[in-house]
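Structure at a glance
Spelled out from the first residue to the last, the chains are:
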Amino acid sequence: MTSYVIGIDVGTGSVRGALVTKSGEIVKTHSEQITTWNPKPKYYQQSSNEIWSLCCNVIKQLTRDISPNDVKGLGFDATCSLAVLDSNGDPISVNVNDDAEQNIILWMDHRANKEADLINETKHPILRYAGGKVSLEMMVPKIRWLKNNHPECWKEAEFFFLLPDFLTWRATNNDYRSLCSVVCKCNYENNAAYSGWNKEYFDVIGLQELSQNNWKKIGSKIIKPGELCGELSERAARETGLVSGTPVAASLIDAHAGGLGVMGCTAKNIPNDFTSRLALVCGTSTCHMAQSINEVYVPGVWGPFLNAMLPGLWLLEAGQSVSGKLIDHIIDTHPASQSVKRKCIERANIHITQYLNDILDKIAESKGLNSVDELTNEIHIWPDFHGNRSPIADPNLRGMILGLTMACDEENLAVIYLATIQALAYGTKHIIDAMCHAGHKNIQSVIICGGVSKNKLFVDTHANAIGLPILIPEQTESVLLGAAQLGAAVAGFYDNLDEAVCSMAGPAEQVKPNLDTASYHEKKYQVFLEMLSHQRCCQTIMNS
């Protein structure tokens, strides 16, 4: 009889699940789409009731052909979105006059810009763990927005959950919070000297009420990722079709689950050292995860967070607010997009990025170039179309494209698409440079996971632009694997989370940088940085 664990990943657009063996083999997956409401610009909302129902559906589909007794552990990850519930655990609308079911402020919601600015103006010492600035994507500015703008919700709210913790609460009835959630997104203080909520900070920012009843609304009991959160309740067992008493692990934020899933992968001649790797968890946005033995403070980068992903290590978390979504946006808004998409359908539904990659190869060959990289000599892009998360930490930055002409054919689309991928790679290099300048000098390889890891051009471009080997895990579902590793740790498959990570990750393909393009990319990177200074100059002029 084979024993399994289940990993559930609640992303921005879907609930996904995987049935996984002790060795890390993903036997089966299933997904369900999540409804997202966009009632006004910058507002994005979801329903916790719908998401939990989808989780149950996914689990039922995964276990159709096995006995529920064969599932020995359950792990959850989710976006760092804010779920609001009343004292009965029922949803409360997060927007005035909206349906109560819309009780989640999605991570990418930017309504709390003013609140984030006011918090950052305090320059409170705890903000050093957020790169010096709290992000409007985090929980605390969103709660402050509710207090300022939605007094009815503020009055009725009994629980403020980050979505990963809502899922474990819903599964076990235990009102525990994962250290990953609270330390990375909620300004929970956790270092070698102190672990706990900082009352003075919450008093200063006008949220003193949260300290009442031993911080019940935002979490009285905090546990580490992969520790036992509790057992599946009888109610949740009926809803999922699993056995009550099944161990449920403390959760992770989705990007952190992806980082967990890839950290233990192996490749020839690449050190298998957690602190020498930068993990890129790519999707709608990209999160950059690096770990160190000691505290390293990097302006514009979140952290360092002790024990937030793996025990005993300090996590640095950087990111790009849009990456995969930016590539889609650039393609979809180009005049040649529709004709290219029709050709993709005619050619046996070839993916549009592959079609564009083929065009780039043909253009480079016709010009006698050794690499497609050099096709963007006159096209330069600053990629912060949705603000900068790291290392500038400015949600008000905007995207820039330099070098446009009247051309609107598919060759022009292909070159702009390439320049977009290069800009994202330079954004990663910018983050690495900031980390190294601050004292993290041990990054020797980059691991890329997520849908874009299947795009050879994206991977090759990152290797060439950064100048480091890129690892692509053989197991493509890294986020699901990370959630399953949590379940494996509490199922007793392994003695601890470290062992589960190293035993289940599997091998990775290695892509080495083309050193012949190094000089070209260094010039492009200089232009990249100049574009930032020019945007700052324009802002100064217009605000004068």
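As a starting point, this report considers the structure included with it. Remember, it's a predicted structure, so these values are computed and weren't measured experimentally.

Here we take up the pattern of salt bridges. Tallied over the full model, the rule gives 15 salt bridges. As a salt-bridge pair, R389 and E137 come within 3.1 Å of each other at their nearest N and O atoms. Of this pair, R389 sits in the loop between β20 (380-382) and β21 (400-402) while E137 is found in the loop between α2 (113-121) and α3 (139-149), placing the two residues 252 residues apart along the sequence. Accessibility classification places R389 together with E137 in one group, the buried group. A network of salt bridges, in which partner residues are shared, links D9, R16 and E477.

What follows is about the pairing of strand β8 (residues 159-162). On β8, burial covers both faces: F159 and F161 on one face and F160 and L162 on the other are all buried. The pairing of strand β6 (residues 82-85) with β8 spans four bridges and is antiparallel. Bridging across to β8, V84 finds its partner in F160.

Let us look at the packing of helix α14 (residues 410-438) against helix α18 (residues 518-543). Running from N to C, α14 and α18 point in directions that differ by 80°, and their axes come no closer than 10 Å. With respect to their mutual orientation, α14 and α18 come out roughly perpendicular. Of α18, the residues touching α14 (which contributes Q422, A423, Y426, G427, K429, H430 and D433) are Y520, H521, E522, K524, Y525, F528, L529 and L532. Of the residues in the contact of α14 with α18, the class split is seven nonpolar, four polar and four charged.

For any two aromatic rings, the description comes down to two numbers: the centre-to-centre distance and the angle of the planes. The full count for this structure, using the stated rule, is 18 aromatic pairs. Aromatic side chains W52 and F76 sit 6.2 Å apart centroid to centroid with 40° between the ring planes, which places their arrangement in the tilted category. Taken together, the residues span a long stretch of sequence, with W52 in helix α1 (residues 48-62) and F76 in strand β5 (residues 71-78) at a distance of 24 residues. Measuring from ring centre to ring centre gives 6.3 Å for Y426 and Y525, while their planes differ by 50°; the resulting arrangement is tilted. Of this pair, Y426 sits in helix α14 while Y525 sits in helix α18, and the two are 99 residues apart along the sequence.

Procedures and definitions
- Residues numbered from 1 in each chain as written.
- Predicted model: local features only at pLDDT ≥ 70, side-chain atom pairs only at ≥ 80, totals over all residues.
- Heavy atoms only, no water.
- Salt bridge = Lys/Arg side-chain N within 4 Å of Asp/Glu carboxyl O.
- Helix = DSSP H or I, 4+ residues; strand = E, 2+ residues; numbered from the N terminus.
- Buried < 20%, exposed > 50% of the residue type's maximum accessible area, 1.4 Å probe, protein only.
- Pairing = 2+ DSSP bridges.
- Axes fitted to C-alpha atoms, helices over the stretch in contact; angles between N-to-C directions.
- Parallel < 35°, antiparallel > 145°, perpendicular 65-115°, else oblique.
- Contact = heavy atoms within 4.5 Å.
- Nonpolar A, V, L, I, M, F, W, Y, C, P; charged D, E, K, R; others polar.
- Phe/Tyr/Trp six-rings, centres within 6.5 Å; stacked < 30°, edge-to-face > 60°.

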